[in-house]
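# An overview of the molecular structure
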Amino acid sequence: MTTRETPALIRVLGGESLPTPPIWLMRQAGRYLPEYRELRAKAGSFLSLCYNPELAADVTLQPIRRFGFDAAILFSDILVAPQALGQKLWFVEGEGPRLEPVADAARLAEIDRDADQSRLDPILETVRRVRAALPSGTGFIGFCGAPWTVATYMVAGRGTPDQGPAKELFGRDPVLFQAIIDRLVTSSVAYLNAQIAAGVDAVQIFDSWAGSLGPDDFRRWCIAPTRRIVEGVRAVHPQARIIGFPRGAGHLIPEYIEGTGVDAVGLETDIDRGFAREAIQSKVPVQGHLDPLVLRAGGPELEREVEAILTAFGDRPFIFNLGHGILPDTPIAHVERLLKRVRG
């Protein structure tokens, strides 16, 4: 049996500072790649692609084959969690996901208390296929959506600009909203543990709408549920490496680190680097935080931003990434240039 090389990603998550930081990009498997667009057309729909292990594994591996990123991230979607709870999910081309809204106790009663994990079996098969195909030193990241972020979609039935329906619900009926959160915590723990058992090296918890909450609500609906997920994963996999991404949380991130116990945090694009270095990277490794718009534009501004990020964070445990997902119209040449610059 061949001993697998420890991926640079995992070394950094364990607290090592590396001369060349590992790099991967959020949404690195996506529409900017012609090979992705070809497979997406073949699958017929986004959800069909997510639940087809052969095609989803191929998509996950595409950016590794093309660019040699230091980590792959499972190709799936955060909303498979409410679907596993029995909530109807579909995607509207050009608009995004849709769910049957859960806005009152009667609708919640129609949702399963525990997720049917068998609905996620195709995704776990994708994990096993990717694990078998990845180069030895390449990390593999699984993920889930954080309960607050997923709940905003469950309540509204779609993405909203201000997460207003979820805020209205927890203001009107916090007990009902807590029941939604509790179901997501339980299902997320089971889902992440299954991903780790199937072969991922680390997991990331995406809290895309964390920045929409004030401090008290952030503690209640972001920190507390995420802590329960971290504890539930570590109870089964004590050595699990967990990245939190409370996007937009800004000055509350140090409190998020202390309150959740994550191993590392992702940084959004507009966070102050001096603050991030002293108040966040002094506690845990950080990941981020190039602006996807700057990557799309390329040119001298890309060079300057990459240099500034490396100067700010590169001498401590650091993973180079974007502050959010790569944009669909990003030129491949700009990604190649980014990799060349990061790797010297």
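Note that this is a predicted model, so its numbers are computed, not measured. Here the residue numbers are simple positions, counted from 1 along each chain's written sequence. Only residues with pLDDT of 70 or above have their local features reported here, since the model is predicted, and side-chain atom pairs are shown and tallied only from 80 upward, although totals for entire chains, interfaces and linings are computed over all residues. Based on all heavy atoms of the structure, the side-chain values leave hydrogens and waters out of the count.

One requirement defines pairing of two strands: DSSP has to find at least two bridges between them. The helix count covers DSSP runs of H or I at least four residues long, the strand count covers runs of E at least two residues long, and both are numbered beginning at the N terminus. Pairing within the open sheet is parallel, and its 7 strands lie in the order 1-4-5-6-7-8-9. Among the strands making up the open sheet, the edge pair consists of strand 1 (71-73) and strand 9 (318-322). Strand-to-strand twist across the sheet, computed as the mean angle between neighbouring axes with direction ignored, equals 25°. Pairing of strand 7 (residues 264-266) with strand 8 (residues 286-290), which is carried by 2 bridges, proceeds in the parallel orientation. Within strand 8, the position partnered with Val 265 by the bridge is Val 286. A fitted line through C-alpha atoms serves as each axis, taken over the contacting stretch for helices, and the angle formed by two N-to-C directions is quoted from 0 to 180°.

In this description, a nonpolar core means a group of buried Ala, Val, Leu, Ile, Met, Phe, Trp, Tyr and Cys residues linked to one another through side-chain atoms lying within 4.5 Å. A 1.4 Å probe rolled over the protein chains alone gives each residue an accessible area, and that area as a share of the maximum for its type sets the label: buried under 20%, exposed over 50%, partly exposed in between. If you look at the biggest cluster of nonpolar residues, it comprises 125 residues, and the most contacted ones within it are Phe 177, Val 265 and Phe 320. Per-element tally for this core: the top contributor is helix 10 (residues 174-198), with 11 residues. By the convention used here, residues are in contact when the closest approach between their heavy atoms is within 4.5 Å. The contact partners of Phe 177, leaving out residues within four places of it in the chain, are Trp 148, Ala 151, Val 155, Ala 166, Leu 169, Phe 170 and Trp 221.

A helix is expected to span 1.5 Å multiplied by its residue count minus one. Taking 1.5 Å per residue, 25 residues should reach 36 Å; helix 10 reaches 36 Å between its end C-alpha atoms and fits that length. One or two residues past the end of helix 10 sits Gly 199, with phi positive at roughly 135°.

Okay, the packing of aromatic side chains next. By convention, a stacked pair of Phe, Tyr or Trp rings (six-membered ring in the case of Trp) has centres within 6.5 Å and planes under 30 degrees apart, an edge-to-face pair has planes over 60 apart, and any other such pair is tilted. Tallied over the full model, the rule gives 15 aromatic pairs. An angle of 50° between the planes, with centres 5.3 Å apart, marks the rings of Phe 67 and Phe 69 as tilted. Of the two residues, Phe 67 and Phe 69, both sit in the buried class. Members of the aromatic cluster, joined through ring pairs, are Tyr 36, Phe 46, Phe 75 and Phe 91.

Turning our attention to the side chain of Asn 193. In this fold, Asn 193 is placed in helix 10. A distance of 3.4 Å separates a polar side-chain atom of Asn 193 from the backbone oxygen of Gly 232. Dropping the residues within four chain positions of it, Asn 193 is found in contact with Gly 232, Val 233, Val 236 and His 237. Counting of polar contacts relies on pairs of N or O atoms within 3.5 Å, with two restrictions inside protein: one atom must be capable of donating a hydrogen and the other of accepting it, and residues adjacent in sequence are counted only when both atoms are side-chain atoms.

Think of it this way: side chains of opposite charge can pair up when their charged atoms draw near. Here, a salt bridge means any Lys or Arg side-chain nitrogen found within 4 Å of an Asp or Glu carboxyl oxygen. Under the counting rule described, the total for this entry stands at 28 salt bridges. One salt bridge connects Glu 100 with Arg 107, and the closest N-O pair in it is separated by 3.7 Å. Looking at Arg 107, the relative accessible area reads 16%, which means it is buried. We note a salt bridge from Asp 116 to Arg 119, for which the minimum N-O separation is 3.8 Å. Judged by relative accessible area, Arg 119 falls into the partly exposed class, the value being 34%. The network of salt bridges with common partners includes Arg 4, Arg 131 and Asp 201.

Moving on: the environment of Glu 95. Among the secondary structure elements, Glu 95 is positioned in the loop between strand 2 (89-92) and strand 3 (96-99). Judged by its relative accessible area of 53%, Glu 95 falls in the exposed class. Between the alpha carbons of Glu 95 and His 334 there is a distance of 27 Å; along the sequence they are 239 residues apart.

Before going further, it helps to examine the packing of helix 7 (residues 121-133) against helix 10. A pair of packed helices is captured by two measures, namely the crossing angle of their axes and the spacing between those axes. In contact at an axis separation of 9 Å, helix 7 and helix 10 are set at 30° when each is read in the N-to-C sense. With respect to each other, helix 7 and helix 10 are oriented roughly parallel. Seen along the crossing, helix 7 lies across helix 10 with a hand that is right-handed. Listed contacts from helix 10 to Ile 123, Leu 124, Val 127, Arg 128 and Arg 131 of helix 7 are Tyr 191, Ala 194, Gln 195 and Ala 198. Geometric relationships in this document are graded by angle, where less than 35 degrees denotes roughly parallel, more than 145 denotes roughly antiparallel, 65 to 115 denotes roughly perpendicular, and other angles denote oblique. In a left-handed crossing the near helix is turned counterclockwise from the far helix by less than a right angle, and in a right-handed crossing that turn is clockwise.

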